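Structural description and commentary
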Amino acid sequence: MKTLLMAIDHSPVAEKVVALTIEEALAHRADVVVLCCVDPAYSSCNQPMDIDAGEDPADFVAAQDEQNTAEMVVRHALAPLLRAGINARGMILAGDAADTIVAQSQQLKASMIIMGRRHLSSFNRLLKGSVSASVIERAHCPVLIDVRKD
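First, a word on what this report is: a plain description of the structure on this page.

Rules and cut-offs
Residues numbered from 1 in each chain as written. Predicted model: local features only at pLDDT ≥ 70, side-chain atom pairs only at ≥ 80, totals over all residues. Heavy atoms only, no water. Helix = DSSP H or I, 4+ residues; strand = E, 2+ residues; numbered from the N terminus. Expected span 1.5 Å × (residues − 1). Buried < 20%, exposed > 50% of the residue type's maximum accessible area, 1.4 Å probe, protein only. Pairing = 2+ DSSP bridges. Axes fitted to C-alpha atoms, helices over the stretch in contact; angles between N-to-C directions.

**Some points on helix α1 (residues 14-28)**
For an α-helix, 3.6 residues make a turn, and residues three or four places apart therefore share a direction. Taking 1.5 Å as the rise per residue, α1 with 15 residues should run 21 Å; its terminal C-alpha atoms sit 21 Å apart, in good agreement. Buried within α1 are the following residues: Ala14, Val17, Val18, Leu20, Thr21, Ile22, Glu24 and Ala25. Directly beyond the C-terminal end of α1, a positive phi value near 50° is found at Arg29.

Now the structure itself:
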C-alpha cells in the first residue's frame, strides 16, 4: 500500500494542501499520514517535564497553545480525508519542520510528500529559510508543493 505524507501547519494554504492530498490519495489509492511539526521550544508532548517551585505558570501557556493548535490543525485535516473514504491518521512531532518531515517520510517509507508553500518575501526567505525548499533538497521521494496563492 502506498503512503502519502501530508505536512501541514496553521497557515492559510492548509485547506488547499488537504484538497490536493485527497486528489492524490484517491488517484493513487494511498493511505495518508497527516504531520504537523511543533517547535521543540514549545513542545510539551511525550517528554518528561521537571517543574521547579519557582516557575511562573504563565510561562507554559505558549507551549499549551502550540500543542492545542497543532492538534486542531491535524483534526481539521483528517476530517475531509476520512469523509472522502481515505485511510488516514495524524501525528504531531516536535522538531525542526524540514528535518522532521524528511525523517518521517523515510520512517514511513512514504511514496510522496505533499505540502504547501507560504510565499515568503525574499527577505523572510533569507532570514527564516524555506521549509519546502529544504524538504525538496533532502527528501528521498517525490515532493508535491501546492504553490497556489489565496
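**Considering the sheet that holds strand β1 (residues 3-7)**
The strand order across the open sheet built from 5 strands is β3-β2-β1-β4-β5, with neighbouring strands paired in parallel fashion. A strand with exactly one partner marks an edge of an open sheet, and here the two such strands are β3 (88-94) and β5 (143-146). Ignoring strand direction, the axes of neighbouring strands in this sheet form an average angle of 20°. Here β1 runs beside strand β2 (residues 31-38); their pairing, made up of 5 bridges, is parallel. Bridge assignment links Thr3 to a residue of β2, and that residue is Asp31.

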